[in-house]
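Chain by chain, the residues:
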Amino acid sequence: MLKLAGVRDKESSDGLNWRSLYLSSQTEAPFRGSFVAKDPLLVFHRRPIIGYLDLYRREQVHAPTGSVRFIAPGAPFEVELCEPTDTVHLYLRREVWDDVALDYSGASSSQVPFVSRLVESEQVLFALAGAALASMRAGVAEPSFTDHLAHSIAAHIMGTHLGVRSSRRPVGPGGTLSPEVVRAIDYINANLDRSIALQDMADAAYRSASHLARVFAAETGMPPHRYLINARLQRAQQLLSRTDQPIAQIAFDCGFSHQEHLTRTFRRLLNTTPAAYRRETGRIVSYPLPSPHRQT
């Protein structure tokens with residue numbers, strides 16, 4: 001649609017390396033055509049639209065300024081534009097929709113479909129799209145900001161327009177962790193002597209890396225990497241206090257790159273050294289971690 005001859009004054013996020021959404025701003029001349037969007041598409045109308053034509057009911061639609069059209073991925077749609085207009089097109093990556101559906105409601109995206117419809121007034125989505133548009137015009141290439149925007153857009157649509165209620169509940173001390181976080185913690189504990197990346201934990205949890213990172217931090221109070229470092233430190237404490245293994249070997253067995261790495265971590269988090277910790281008797285300096293209480 002954006003490659004039509006009548007499209008002018010186009011700006012887009014091409015070249016910005018955005019992972020979660022694609023954005024364009026343009027003026028569209030009158031045209032007619034049939035299209036299919038690969039990802040969920042939001043069309044923001046900055047001037048009135050006259051002439052959207054429903055593919056099956058052949059029903060003309062008038063879209064006022066400030067309205068947003070949701071266009072479902074994979075579903076053919078026909079457009080007949082009768083007058084020039086200004087629009088912003090925001091493609092929300094399908095993976096983001098799937099991820100937020102799982103994170104927000106605990107359901108698969110098949111249970112939370114992105115439904116085609118026209119919303120005649122949507123100030124929140126216009127504000128979020130405006131933030132994305134400002135970032136695009138500023139040439140913001142760091143994708144983290146737009147990752148958060150994309151997830152916020154998906155969550156707002158689910159909660160406001162689809163009536164989906166979040167199934168997540170805060171996990172307090174002694175609370176029950178979700179199955180994916182339990183699987184990630186089990187993987188960490190079983191592989192402390194190895195190099196572990198976030199993707200490794202996500203694969204073990206059967207979730208995407210971004211989903212696991214958010215849920216893990218929400219439920220344990222710390223990001224997965226910090227939890228990993230603390231788990232390694234806790235294992236080193238146990239070995240130092242209960243065995244006579246050389247400190248260098250303990251560092252290796254707990255996944256630290258070398259003894260000095262272990263020593264630096266001890267100093268930073270416990271304000272002592274492994275050797276001093278081992279000499280101490282009757283006093284255990286612990287760095288507690290949440291227990292992976294399992295759901296029954």
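What follows deals with unusual backbone geometry. One non-glycine residue with positive phi stands out, namely Asp9, at about 55 degrees. In this structure, Asp9 sits in strand β1 (residues 7–12).

If you check which residues of helix α5 (residues 198–205) are buried, you get Met201, Ala202 and Ala205. Around the axis of α5, the buried residues are gathered within 100 degrees of arc, so they sit on the same side. Residues of α5 that are buried in the fold lie against α4 (179–190), α6 (209–220) and α7 (224–242). Remark: Tyr206 follows α5 within two positions and exhibits a positive phi of approximately 60 degrees.

With that out of the way, let us pick up the confidence of the model for the protein chain. In this model, the protein chain carries a mean pLDDT of 84, and residues with pLDDT of at least 70 account for 84%. Of all helices and strands in the protein chain, the one with the weakest mean pLDDT is strand β5 (residues 49–53) (70), whereas strand β4 (residues 41–45) scores best (95). Low pLDDT, under 50, characterises residues 281–285; the stretch is placed with five contacts to residues that sit more than four places away or in other chains.

In this model, α4 (twelve residues) spans 16 Å end to end at C-alpha, consistent with the 16 Å of a helix rising 1.5 Å per residue. Within the sequence span of α4, burial applies to Glu180, Val181, Val182, Ala184, Ile185, Tyr187 and Ile188. The secondary structure elements touched by the buried residues of α4 are α5, α6 and α7.

What follows covers the packing of α7 against helix α9 (residues 259–270). How two helices sit against one another is set out by the angle between their axes and by the gap between those axes. As a packed pair, α7 and α9 sit with axes 11 Å apart at the nearest point and diverge in direction by 105 degrees. Relative to α9, α7 is oriented roughly perpendicular. Here α7 contributes Ile229, Asn230, Leu233, Ala236, Gln237 and Leu240 to the contact with α9, which in turn contributes Leu262, Thr265, Phe266, Arg268, Leu269 and Leu270. The residue inventory of the contact of α7 with α9, partitioned by class, reads eight nonpolar, three polar and one charged.

By the secondary structure assignment, Cys82 is in the loop between β8 (77–81) and β9 (85–92). What makes Cys82 partly exposed here is its relative accessible area of 38%. Taking the C-alpha atoms as reference points, Cys82 and Phe31, 51 residues apart in sequence, are found 7.1 Å from one another. Setting aside its immediate chain neighbours within four residues, Cys82 contacts Pro30, Ile50, Gly51 and Gln60.

Below, the discussion takes up the pattern of salt bridges. Tallied over the full model, the rule gives seven salt bridges. The partner of Asp9 in a salt bridge is Arg8, with the nearest N and O atoms 3.0 Å apart. Here Glu180 and Arg207 are joined by a salt bridge, their closest N and O atoms 3.8 Å apart. Linking Glu180 in helix α4 with Arg207 in the loop between α5 and α6, this pair joins segments that are 27 residues apart in sequence. When its relative accessible area of 4% is taken as the criterion, Glu180 is described as buried.

Glancing now at the packing of aromatic side chains. Enumeration over the complete set of coordinates arrives at seven aromatic pairs. Here the aromatic rings of Phe44 and Phe126 are separated by 5.2 Å at their centres, their planes lie at 90 degrees, and the arrangement is edge-to-face. You can see Phe44 sitting in strand β4 and its partner Phe126 sitting in helix α2 (residues 123–138), a full 82 residues away along the chain. Overall, Phe126 belongs to the partly exposed group, its relative accessible area being 24%. Arranged with centres 5.3 Å apart and planes meeting at 80 degrees, the rings of Phe216 and Tyr227 form a pair that is edge-to-face. Residue Phe216 is found in helix α6, and its partner Tyr227 is found in helix α7; the two are separated by eleven residues along the sequence.

Rules behind the numbers
Residues numbered from 1 in each chain as written. Predicted model: local features only at pLDDT ≥ 70, side-chain atom pairs only at ≥ 80, totals over all residues. Heavy atoms only, no water. Helix = DSSP H or I, 4+ residues; strand = E, 2+ residues; numbered from the N terminus. Buried < 20%, exposed > 50% of the residue type's maximum accessible area, 1.4 Å probe, protein only. Arc of directions from axis to C-beta. Contact = heavy atoms within 4.5 Å. pLDDT = per-residue confidence, 0-100. Expected span 1.5 Å × (residues − 1). Axes fitted to C-alpha atoms, helices over the stretch in contact; angles between N-to-C directions. Parallel < 35°, antiparallel > 145°, perpendicular 65-115°, else oblique. Nonpolar A, V, L, I, M, F, W, Y, C, P; charged D, E, K, R; others polar. Salt bridge = Lys/Arg side-chain N within 4 Å of Asp/Glu carboxyl O. Phe/Tyr/Trp six-rings, centres within 6.5 Å; stacked < 30°, edge-to-face > 60°.

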